[in-house]
Structures are given as structure tokens and as C-alpha cells.
Amino acid sequence: MISNLDDFPDPARDFLNTAKQNNHYAMPLILSSRGCPFNCSFCSSPAFFERKWRKRNYSRVVDEIQQIIHDYGFSHFYFTDDQILGRGGRDKGHLLAIAEEILLRNLHKSSDLYFFVMMRADFSSILTSPELNLIFSAGFKDIFVGFESGNSTQIAKYNKGIKIQSYFSTIRKCQKLFFLEGGFILFNPYTSISSLYDDAKLINALGIPQWSYYTKKYLPYPGSNLFTELATKDLLIESNYLLIDYNFLHRSVEIIYKTVSDIENIIAEKDYFIFLLMDALYKYKFNLVTSRNPSADSLFTQIENKLQKLSLLENIIFLGILEYVSQSLDSKYLIQQFVDQFNTLYFQISELIDQIQTAEFKRHLRNYNE
Ligand code: SF4
């Protein structure tokens, strides 16, 4: 294992222009550290990197970002670090040094920087409020938090080593500042109806309208602790020559999983669009649109309200499915009702987006004529 990551040359970026032309949402990947000292049972990182966390020199990381901005004009980046905070308090200086260097070089001013980064759910207690503000100012605005579940038994099974209470306090503390996305794994062989109720509570607190949050299933990675446990208990099954699957221990969970997956199959494309919209909405909110337009602002507020409604609707339907399955009732009517309401809200949101585009177009036209 290479101990000094700075021995590696910078990655080849030759295809960035093509990526940009082909995909409006393309983001260059940045890796500032490798590995993770934690040992979550579902994760492949501990087996792959032997729980050794190694970091690059912060200044070289910022050099790389600066060069991509300069050569290719990107301003949105994806930090692929497993755990950018390393062992937490002892290593948080790495992220803070990157953030300070960005601010020192004024990169945030010239290019509207926007970073996607993954963190454990306790990051809000590791970083102080001034430090949270510091990383936000430097561009770390989109934080993907590995919650996995809102149920203590599931969290213990996943060996997260974090208390559920700190999940809620992170949401309360950071929701207003960052775009907080959630990583969830609601379904694994041991999932119970009561754990799904707790999951629904956490997803509701996060308030992001993503139906896919309700459908996430554990993927058994060979080498991960949970994989080994399931293999030892003979719970794994081969689903085809490449994939390994498992049965749920509770029959009711099997039905719930099938129901939520059926819904996902119907709305998948629109669900993904909603995700892209959330991303765009936050970028707008974070002032990435350089010249703001009051009429677009008001339309965005209306969209935000609709998205909140959608998030609530999804939560209510998920709870309804749990209830129906618990009582052995057929939830077909419930699904239809949800899909109809989802489509109505989706249509209203699409109309608002059309209006924003028209408003922006008119504003550009006015500026052009002046
Ligand atoms: S899930 Fe995240 S915190 Fe847990 S072992 Fe994997 S990389 Fe580390």
C-alpha cells in the first residue's frame, strides 16, 4: 500500500472537455485522502484500504482544483474521499487546511465553487460552528451524510458507532446551512417493520423528496463484515452469476420492499429529475446564479414549497404502506393514489420551472435591449 499519496502524479484530465460537452451535470472528481479508519459492516472500504487513512498535501489538492478551474472552467467538484475528516477531531485539520487555502487564494470568489463531499453523521459535532461556516464559505455546500438508518438496532448492526440522537442534531444544526443529502440502507435481511418506522421518521426530518431513499437495499460486498456474517449464517443466495442476494427474514418486509420498488419503477425518471432539481435549487440559493432575478426568486420559493409537500406525501405513503402490510391489506389503491398525487405535484413543479425559464429569458432580453 502506497503510504505517501503525494507520490502519485495528478490524474489525467484530458477528457474533461468532452465530459462537459456531453453532460451538463459533469463534475470533476477530486480525491484528497484514501481509506477510512471506521469499520461499518456493510462497507467495502475497511477491507479494501485496511482501515488506513492517508491524506494528500492540502496545497496540492487546491493546486489541482485551481488548475481545473483555470484550464476547463469547472466550478462544481465531487470529493470522492471515503472519509475526508479521517479519524475525526485528530484529522479535521486536513479539510480545514483545504478550505483555508481556497479562501486564501480567493478561488471561491472567482468561480462560485460548489463541492459535493461525503461525511459521517457526527461531522457537526466534530467541526465547530465557525469551522462549519469556514468550509461552507470555501465551497463545501453539498454534504452527503451516511445515515443508513434511523433505527438504533440497525445502526448497531451496521457498526456505525454513532448515536441516533446525533443524527437529528446534525440535521437540526446543518440543514439550513448546507444542502444535506442522505445515504440510507433501509433494507437488509434483518430489517423489521419497526425499524422502517424509525427510518421514515429520520427521512421525514431530512425533508428531501427522494422516493429512492425508501427503497435502498444493502448490497452484499464480499470482504465486508456483514457479507461474512450472512455467508456464515447461510443467508446469502446467488441471484445470477454476478450478483449475490438474500431473502428478508420477515415476510412482511419482503412485501414492503416489493411495494416500494414497484413504485420506484413507475416514477424513477421523475424521481431522478427531482433530485437534479434539488441540486439546482440549492446552487441557486447559494447564490451561484450571478445575477438574481426577483421573479425567478419567487418562483423558486413556490417550487421549494411544492417539494416540501412532495417530501411529506412520500412519507405519508410510506407509513401507509407499512400500516397496510402490517394489517395484511392490499395496498394497490394506496400506490395508485400516491402515483396520481406525485404526478400532479410533479406537473405543477414542471410548470413553475417553465415559468422560471421564461422569466429568465425575458430578463436576458431586457438586459440585451438596454
Ligand atoms: S461507510 Fe463511511 S465511515 Fe463507514 S467504513 Fe465506510 S467509508 Fe468509513
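In what follows, the accompanying structure is described.

A word on the overall build of the chain
Within the chain, the secondary structure is distributed over 14 helices and nine strands. A compact globule built from 370 residues should have a C-alpha radius of gyration of about 21 Å, and the chain, at 22 Å, falls within 12% of that. In terms of overall dimensions, the chain has C-alpha extents of about 65 × 55 × 40 Å along its principal axes. Among the 370 residues that make up the chain, the fraction classed as buried is 34%. A sequence separation of at least 24 residues applies to 78% of the contacts in the chain between residues at least 6 apart.

Brief notes about the site of the ligand
Close to the ligand lie Cys36, Phe38, Asn39, Cys40, Cys43, Ser45, Pro46, Asp82, Gln83, Arg120 and Gly146. Each residue belonging to the shell around the ligand can be placed in one class, and the counts come to five nonpolar, four polar and two charged.

Considerations on the packing of helix α3 (residues 58-72) against helix α4 (residues 93-104)
Where α3 contacts α4, the axes come no closer than 9 Å and their chain directions differ by 45 degrees. Classified by the angle between their axes, α3 and α4 sit oblique to one another. Considering the relative orientation of α3 and α4, their crossing is right-handed. Listed contacts from α4 to Tyr58, Ser59, Val61 and Val62 of α3 are His94, Ala97, Ile98, Glu101 and Ile102. Class assignment for the residues of the contact of α3 with α4 results in six nonpolar, two polar and one charged.

Some details on the environment of threonine 191
Here threonine 191 lies in the loop between β7 (179-184) and α10 (193-206). Among the residues examined, threonine 191 registers 27 C-beta atoms within 10 Å and is labelled buried. In this structure, the C-alpha to C-alpha distance between threonine 191 and valine 253, residues 62 residues apart in sequence, is 6.9 Å. Residues in contact with threonine 191, not counting those within four places in the same chain, are Leu186, Leu196, Phe248 and Val253.

A few points about the environment of aspartate 262
Of note, aspartate 262 is situated in helix α12 (residues 251-285). Taking the C-alpha atoms as reference, aspartate 262 lies 9.6 Å from threonine 215; in sequence the two are 47 residues apart.

Details of α3
End to end, α3 covers 21 Å across 15 residues, agreeing with the expected 21 Å (1.5 Å per residue, within 8%). Those residues of α3 that sit buried are Val61, Val62 and Ile65. One face of α3 carries all of its buried residues, which in axial projection span an arc of 95 degrees. Turned more than 90 degrees away from the buried face of α3 sit Gln67, His70 and Asp71, all of them exposed. Glycine 73 sits one or two positions beyond α3 and adopts a positive phi of about 75 degrees.

What about the sheet that holds strand β6 (residues 140-148)?
A sheet is described by the order of its strands in space; here five strands give the open sequence β1-β4-β5-β6-β7, paired in parallel fashion. Here the strands that pair on one side only, and so sit at the sheet edges, are β1 (29-30) and β7. Sheet analysis places β6 next to β7, joined by six bridges and oriented parallel. When the sheet's bridge partners are listed, aspartate 142 is paired in β7 with phenylalanine 179.

Quick notes on unusual backbone geometry
Positive phi values are uncommon outside glycine, yet arginine 51 reaches one of about 60 degrees. The residue arginine 51 is located in the loop between α2 (45-49) and β3 (54-55) in this model. Using a count of 13 C-beta atoms within 10 Å as the deciding quantity, one classes arginine 51 as partly exposed. Of note, glutamate 148 is a non-glycine position whose phi angle comes to about 70 degrees, a positive value. Tracing the sequence through the fold places glutamate 148 in strand β6. Residue glutamate 148 is classed as buried on the basis of its 27 C-beta neighbours within 10 Å.

A look at the nonpolar core
With 73 residues, the main nonpolar core has Phe115, Val117 and Met119 as its most contacted residues. Residues within four places of phenylalanine 115 in sequence aside, it is in contact with Phe77, Phe79, Gly139, Phe140, Lys141 and Asp142. In terms of nonpolar packing, the next biggest core, distinct from the first, is built from five residues, Leu299, Phe300, Ile303 and Ile356 among them.

Observations regarding the pairing of β6
For β6, a buried count of eight out of nine residues is recorded, marking the element as mostly surrounded by other parts of the structure. Two strands pair when backbone bridges link them, and strand β5 (residues 114-120) and β6 are joined in this way by six bridges, in the parallel orientation. Across the sheet, residue arginine 120 finds its bridge partner in β6, namely glycine 146.

Some words on the pairing of β5
Each regular strand displays side chains that alternate between the two surfaces of the sheet. The element β5 is largely enclosed, with a buried count of seven among its seven residues. Across the two faces of β5 the burial is the same, with Tyr114, Phe116, Met118 and Arg120 and Phe115, Val117 and Met119 all buried. Pairing between strand β4 (residues 76-79) and β5: three bridges, direction parallel. Looking at the pairing, tyrosine 78 lines up with phenylalanine 116 of β5.

Observations regarding the packing of α10 against helix α13 (residues 294-326)
The geometry of α10 relative to α13 is characterised by a closest axis approach of 10 Å and an angle of 170 degrees between their N-to-C directions. Between α10 and α13, the angle falls in the class roughly antiparallel. Residues Ile193, Leu196, Tyr197, Ala200, Ile203 and Asn204 of α10 touch α13, and the partners they reach there are Asn315, Phe318, Leu319, Leu322 and Ser326. In terms of residue class, the contact of α10 with α13 is built from eight nonpolar, three polar and no charged.

How each quantity is defined
- Residues numbered from 1 in each chain as written.
- Predicted model: local features only at pLDDT ≥ 70, side-chain atom pairs only at ≥ 80, totals over all residues.
- Helix = DSSP H or I, 4+ residues; strand = E, 2+ residues; numbered from the N terminus.
- Rg over C-alpha atoms; globule rule 2.2 N^0.38 Å.
- Buried ≥ 20, exposed ≤ 12 C-beta atoms within 10 Å, placed from the backbone.
- Contact = placed C-beta atoms within 7 Å.
- Near = placed C-beta within 6 Å.
- Nonpolar A, V, L, I, M, F, W, Y, C, P; charged D, E, K, R; others polar.
- Axes fitted to C-alpha atoms, helices over the stretch in contact; angles between N-to-C directions.
- Parallel < 35°, antiparallel > 145°, perpendicular 65-115°, else oblique.
- Left-handed = near helix turned anticlockwise from the far one by under 90°.
- Expected span 1.5 Å × (residues − 1).
- Arc of directions from axis to C-beta.
- Pairing = 2+ DSSP bridges.
- Core = buried A, V, L, I, M, F, W, Y, C linked by C-beta atoms within 7 Å.

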